[in-house]
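Here are the chains, one letter per residue:
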Amino acid sequence: MDILKIENLSKIYGEGENQVKALDNVSFSVPKGQFVAIVGPSGSGKSTLLHILGGVDKPTSGKVFLDGQDVYAQNEDQLAVFRRRQVGLVYQFYNLIPVLNVTENITLPVLMDGKKVDKTYLEELIGMLSLKGREKHLPNELSGGQQQRVSIGRALINNPAVMLADEPTGNLDSKNSHEIVELLKVSNKKYSQTLIVITHDESIALQADRIITINDGKIESDKLLQR
Amino acid sequence: MNIFKQFTLRSLKENKTRTLVTIIGIILSVSMFTATIEAFVTVQNYLINYAEMYNGKFHVGFVDVENDDVSKITEDERVEKYTYFQEIGYAEIGSSNEYKPYLYIAGIPSDFTDIMPIHLTEGRLPENSNEIVVSEHLYTNSGVKLKIGQQITLDVGDRQWIELVDISDEEYEALEGDTWAKLTQEYPLRKAEGEEATEKIVNTKQKTYTVVGFCLRPDEQYLEPYTAPGYTAYTINEAGNTKHSNVYTIISQPTDYSRFNLDIVRGIEVNSLINHDLLTYSLQSFDSAFAGLAIGLLSILIGLIVFGSVSLIYNTFSISVSERTKQFGILKSVGATKKQIRKSVLYEAAVLCVIGIPVGLISGCLGIAVTFRFLSDSISTFLAELTDLKMQFVFSPLALIAASMISFVTVIISAYIPARKAIKINPIESVRQSNEIKIKRRRVKVSPLTGKIFGFEATLSSKNFKRNKRKYRTTVFSLFVSVVLFISASSLSTYFTDIVEAESQDMNYDVLVRVYNNDIHSDDDGLSDENKALINKLYNSLNSVDSIDEYTMAEAMGTEFMVDNEFIADEYKKMLKAVYSSEIAESRDYGTFVYNFIDDAAFKRLLEKEGISEKGYFDENNPNALVYDRTTHIFQTGEKESVYSVPFLDKDKFPCALPVSDIMYTFEKDGTEYYSFGTEEINGELLYKYDIPRDEGEDIDPSTAIYLSEEEAVTTANINIGNSLKEKPCFVTGQVNLIYPESLKESICAEYELDGYYQMRIYIFADDHAKAVTDIEQLIKDIGAGGKMSVHDYASEIESTRALVTIAKVLAYGFIVLISMIAAANVFNTISTNISLRRREIATLKSVGLTSKGMAKMMTFESLLYGLKSLMFSLPVSLGVTYLVYFVARDSGYEMGFYVPWDKFIIAILSVFIIVVLSMVYSIRKVNRENTVETLRNENI
Ligand SMILES: Nc1ncnc2c1ncn2[C@@H]1O[C@H](COP(=O)(O)OP(=O)(O)OP(=O)(O)O)[C@@H](O)[C@H]1O
Ligand SMILES: [Mg+2]
């Protein structure tokens with residue numbers, strides 16, 4: 001069963017001479033529980049694609065279906081709840097709230113829902129993210145890698161159906177990056193989460209079930225990895 | 001606590017300066033609202049108290065109502081409460097005022113003073129119908145002295161026309177007109193000058209009263225008319241009294257007073273009295289020009305405050321929100337709904353209000369309470385007569401609620417509008433803040449000259465300015481608002497104080513003594529020899545009064561002359577044109593000339609004061625006249641009153657021999673007296689018509705009429721005019737005042753054949769004017785002129801108008817200071833946040849090697865841009881608002897020149913640059929203190 005279905009997605013920035021086709025008629029679908037790696041040169045449209053999948057940007061044309069639901073047919077409020085519960089998004093630039101501390105940043109989607117935070121899961125998550133002892137720190141007191149891990153924690157806290165990560169290991173050393181990928185994979189297996197990761201790191205890409213290569217806004221290749 | 005609330009509170013804490021400035025902005029505007037509304041309520045309350053105390057609490061009163069008709073008023077369903085006084089009768093009291101010979105006994109209900117005023121100066125109110133309270137002026141005006149506890153027995157009866165006393169029915173039938181009228185207090189004593197009265201008291205009954213108290217003279221307008229022949233004495237009304245009454249009503253719907261009044265007046269045919277002051281002050285009637293002006297100016301004032309506060313608070317929020325656009329984007333991308341973000345912005349607004357509003361209310365109340373405390377003495381002297389009425393600060397919860405509501409709504413709106421914009425854009429755009437930096441290539445072209453003249457830094461800041469138009473627009477807009485606010489607030493204040501000063505300019509002596517003329521109704525007719533002698537007698541004995549510092553007697557004779565067009569002032573012609581929309585049709589126009597004679601010593605003092613040499617002024621054969629020529633003309637067109645203060649003669653022609661002419665009023669030919677009947681054009685020649693006397697409205701009869709040519713009918717003369725006086729002398733009364741020394745009076749009167757009206761007045765200067773008034777009144781009685789002269793204490797009026805000017809100035813300047821503070825806070829706020837928003841840019845520039853000198857250069861250039869841009873728009877708009885203020889003032893009937901407030905423009909221009917530079921320096925220092933890398937890092941989170 002396909003959890004994610006993308007149909008003829010295009011995104012065009014600017015007008016006239018300055019026009020940039022970031023995405024050009026992209027279509028593909030992802031079955032539930034699949035781990036997809038998206039690779040491609042810089043400026044090819046990877047982040048744009050991920051943002052549209054995550055419901056934070058709007059496509060110029062085309063459709064995104066999540067669990068059979070047309071994402072951009074929803075109204076603003078439904079979209080907000082969608083972002084809160086269905087997807088977890090890890091930005092290339094971490095986008096934390098500077099006035100909130102680590103715990104608060106991680107639990108933001110739960111708190112926003114007015115729900116109680118599952119303390120044990122939170123502790124487990126913080127442990128997995130190696131952020132123990134940093135719970136009360138503000139983002140500007142953290143290193144780049146730590147900030148990135150906080151934003152991963154924030155994406156995972158609600159156990160979303162789809163996890164979208166934009167170069168989640170871009171700022172990490174190989175040991176740390178390995179741990180993060182493990183973390184994502186565990187969550188992917190344990191909750192049969194669908195995982196889509198943008199990466200420039202071939203070793204990460206090779207751990208995926210499928211590699212989609214994007215070039216100039218188009219899908220250049222789409223390979224399933226057999227193992 | 002909700003995560004959004006936490007997020008909001010932390011953001012507020014994080015941006016301490018901005019939060020503080022916003023709170024200060026809220027405090028300032030709340031306190032200004034509070035102060036304005038409280039001041040309004042306090043003054044209104046005072047004026048209402050004053051009106052109630054002085055005029056009474058009634059809305060509409062009815063005069064001389066027949067006993068049978070009283071119930072038609074009191075039973076009208078619109079009447080909520082009423083009171084009355086009923087005539088018991090008149091009694092001879094042995095008065096020395098020949099026009100006021102009676103005591104008028106008025107019966108009142110025991111609760112009369114619940115509605116109408118009786119101001120006891122001594123004793124108590126009557127408790128039964130054998131006790132009376134007597135007006136004080138019975139003694140001061142008529143010389144009849146009574147004591148408390150004294151019993152007086154009076155023959156109390158009705159006033160009756162002599163013709164109606166003991167006449168037969170046939171004779172009664174033959175009588176006409178006025179004679180039918182019932183003689184009440186509304187009718188002055190039936191008595192012509194020097195003759196016996198044609199009325200007497202009839203149907204008398206003997207009554208004995210005990211005097212239990214004295215009161216101030218009852219109000220002339222509402223209780224005892226100035227011309228009433230009886231001094232009022234109040235007693236408790238007798239049962240079974242069937243005479244007419246004055247009925248005073250309080251109605252349940254004061255706004256409908258006019259309808260009610262009309263219904264009653266038409267229904268029972270009586271005259272009515274309307275308590276206009278009370279109705280105006282309680283905002284039930286807007287008849288007077290002053291009410292219109294007050295309300296017009298108050299509206300502009302509140303408008304300015306609202307505008308100032310909205311733009312300050314709006315700016316703060318718009319900056320705070322756009323700064324947090326990225327954060328809103330993040331929140332939205334992890335699933336915050338629009339509603340949640342909106343709520344968090346409104347929560348922020350609410351938090352600021354919770355701190356700002358109470359402080360604002362308290363400081364506003366305190367401020368205005370202190371101001372009124374400081375002003376209360378001035379205000380009390382302003383309304384001097386009832387000194388015991390102090391202005392009390394009125395704590396009005398309603399005003400406070402209104403002020404809080406207005407401010408709260410202002411804050412919420414200011415917070416909501418920018419938030420709505422931030423919420424609308426999609427999350428990734430706000431995360432990237434891409435809408436904030438919508439850069440279009442063509443826009444970024446900077447004139448190469450800028451770089452050459454001001455260097456690379458200027459190019460940079462100029463690009464910044466152009467790329468980031470929205471952010472800069474906020475600053476330019478706040479500067480714009482500040483300049484407009486400052487200039488319009490100061491011109492509002494200037495016009496306001498000008499008006500108040502203009503209203504109070506007229507008097508420049510302390511006490512005026514006038515002799516009553518023969519007919520009490522007009523004092524413009526010739527004085528009788530007896531009265532001339534009396535005032536001379538008084539004048540000669542004034543040197544014995546110690547409390548008087550200086551005094552002058554001025555005699556004035558008036559006449560009308562025609563003056564040639566070329567000698568008439570342009571301002572006068574303009575006025576005629578504006579009022580009658582016509583040029584002066586003929587080649588000349590009539591002016592009223594008043595010849596004033598003052599004693600030689602006073603004349604010399606006057607010359608000295610004005611720095612004019614005596615030469616020519618004491619020349620008996622060909623004397624020069626000093627001229628004071630400026631009159632206030634008031635024209636009433638419909639509800640609008642226009643006031644002009646203009647001269648009649650063209651001053652540029654002075655000194656000169658002014659040719660004046662006059663059409664002969666009478667003309668004698670062959671022993672017959674002919675009278676002037678105007679002019680007529682016959683065969684292209686203007687002829688002057690004369691005829692024997694005719695009844696009013698009748699035209700001339702060609703059989704007896706004669707026509708004279710100009711040379712025959714018009715007499716001409718020259719008046720030698722010396723200098724024009726700059727300052728208005730105390731005694732001038734007419735249009736063109738010619739002033740001569742007393743010693744030349746006879747020769748001048750002979751030369752100009754003066755026989756117009758004749759006035760003698762004594763002008764007195766005294767420090768202790770109140771004592772001087774008492775002393776002079778005593779002296780008048782001593783020389784046997786009691787009741788024939790009036791003594792006016794103008795000094796107390798001057799003091800009161802001066803007090804009014806002080807009040808006006810204090811309030812006006814207070815207002816300017818507060819508005820300027822709001823404006824400055826606004827500018828500071830926008831500039832400092834703007835700079836702190838550019839922390840990253842500045843840090844980046846520094847990280848690639850921008851020196852602090854270069855930075856200073858950049859900021860100087862930016863300040864210049866801000867200043868010039870904002871002044872470019874604000875100066876013309878301020879001029880417009882100034883004109884609007886002028887227009888409102890003029891529309892309310894105060895004629896005055898429009899002028900460009902250059903001084904305020906200069907202050908505004910200087911202040912703009914000072915505030916901009918100071919805010920820049922402050923913000924840059926703050927940014928500089930931060931570590932470059934820190935900043936870059938923080939901005940990247
Ligand atoms: N807001 C925008 N306005 C205009 N063009 C944009 C905007 N955002 C992205 N682009 C353009 O769209 C294209 C795709 O951008 P995107 O960020 O998706 O690239 P990417 O594949 O994620 O690159 P990288 O690996 O460097 O992160 C780029 O050419 C970029 O210049
Ligand atoms: Mg990218």
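All of the points below concern the structure found in this document. Chains are numbered independently. Their residues run from 1 in the order of the written sequence. Chains carry letters and ligands carry numbers; both start at the beginning, A for chains and 1 for ligands, and go up in the order they are written. With the structure being a predicted model, the display of local features is reserved for residues of pLDDT at least 70 and the display and counting of side-chain atom pairs for 80 or more, all residues being used for whole-chain, interface and lining totals. As a rule here, side-chain values come from all non-hydrogen atoms in the structure, and water together with hydrogens is ignored.

**With respect to the sheet that holds strand 1 (residues 2-13) of chain A**
Residues and elements named next belong to chain A.
Then, number 1: With respect to topology, four strands assemble into an open sheet ordered 2-1-4-5, the strand pairing being antiparallel. Lying at the two open borders of the sheet, with one neighbouring strand each, are strand 2 (20-31) and strand 5 (69-70).
Then, number 2: By definition, two strands form a pair when at least two bridges between them are found by DSSP. By the criteria applied, helices consist of DSSP H or I runs no shorter than four residues and strands consist of E runs no shorter than two, each listed in order from the N terminus. In this structure, strand 1 lies alongside strand 4 (residues 61-66), joined through five bridges in antiparallel fashion. By the bridge assignment for strand 4, Leu-4 is matched with Leu-66.
Then, number 3: Note on contacts: a residue pair qualifies if any of its non-hydrogen atoms lie within 4.5 Å across the two residues. Lines fitted to the C-alpha atoms define the axes, with helices restricted to the stretch that makes contact. Angles between their N-to-C directions range from 0 to 180 degrees. In this fold helix 1 (residues 46-53) packs onto strand 1, strand 2 and strand 4, with an angle of close to 125° to the strand it touches most, strand 1.

**Side note on helix 25 (residues 902-929) of chain B**
Then, number 1: Helix length check: helix 25 of chain B (28 residues) gives 41 Å between terminal C-alpha atoms against 40 Å at 1.5 Å per residue, within 8%.
Then, number 2: All of the buried residues in helix 25 of chain B are Lys-904, Phe-905, Ala-908, Val-912, Val-916, Ser-919, Met-920, Ser-923, Ile-924 and Val-927 of chain B. To estimate how far a helix should extend, the number of its residues minus one is multiplied by 1.5 Å. Working definition: with a 1.4 Å probe on protein chains only, accessible area under 20% of the residue-type maximum means buried, over 50% means exposed, and in between means partly exposed.

**Examining the environment of Pro-623 of chain B**
Residues and elements named next belong to chain B.
Then, number 1: Mapping Pro-623 onto the fold places it in the loop between helix 18 (600-610) and strand 14 (625-629).
Then, number 2: Among the residues examined, Pro-623 registers a relative accessible area of 9% and is labelled buried.
Then, number 3: Spatially, the C-alpha atoms of Pro-623 and Ile-748 are 8.5 Å apart, while their sequence positions differ by 125 residues.
Then, number 4: In this structure, Pro-623 is in contact with Gly-616, Tyr-617, Asn-720, Tyr-740, Leu-744 and Ile-748, ignoring residues within four places of it in sequence.

**Focus on the sheet that holds strand 7 (residues 162-166) of chain A**
All names here are of chain A.
Then, number 1: Overall, mixed pairing links the six strands, which are arranged 6-7-8-3-9-10 in an open sheet. Because the sheet does not close on itself, it has two edges, and the strands there are strand 6 (87-90) and strand 10 (218-224). Within the sheet, the average angular offset between the axes of one strand and its neighbour, ignoring direction, is 15°.
Then, number 2: One ladder, built from six bridges, connects strand 9 (residues 210-215) with strand 10; its direction is antiparallel. Pairing of Ile-211 across the sheet is with Lys-223, part of strand 10.
Then, number 3: The strands touched by helix 1 within the sheet are strand 3 (35-39), strand 6, strand 7, strand 8 (194-198) and strand 9, with strand 7 carrying the most contacts at an inclination of about 150°.
Then, number 4: On top of the sheet, helix 5 (residues 144-156) reaches strand 6 and strand 7; it is set at about 170° to strand 6, its chief contact.

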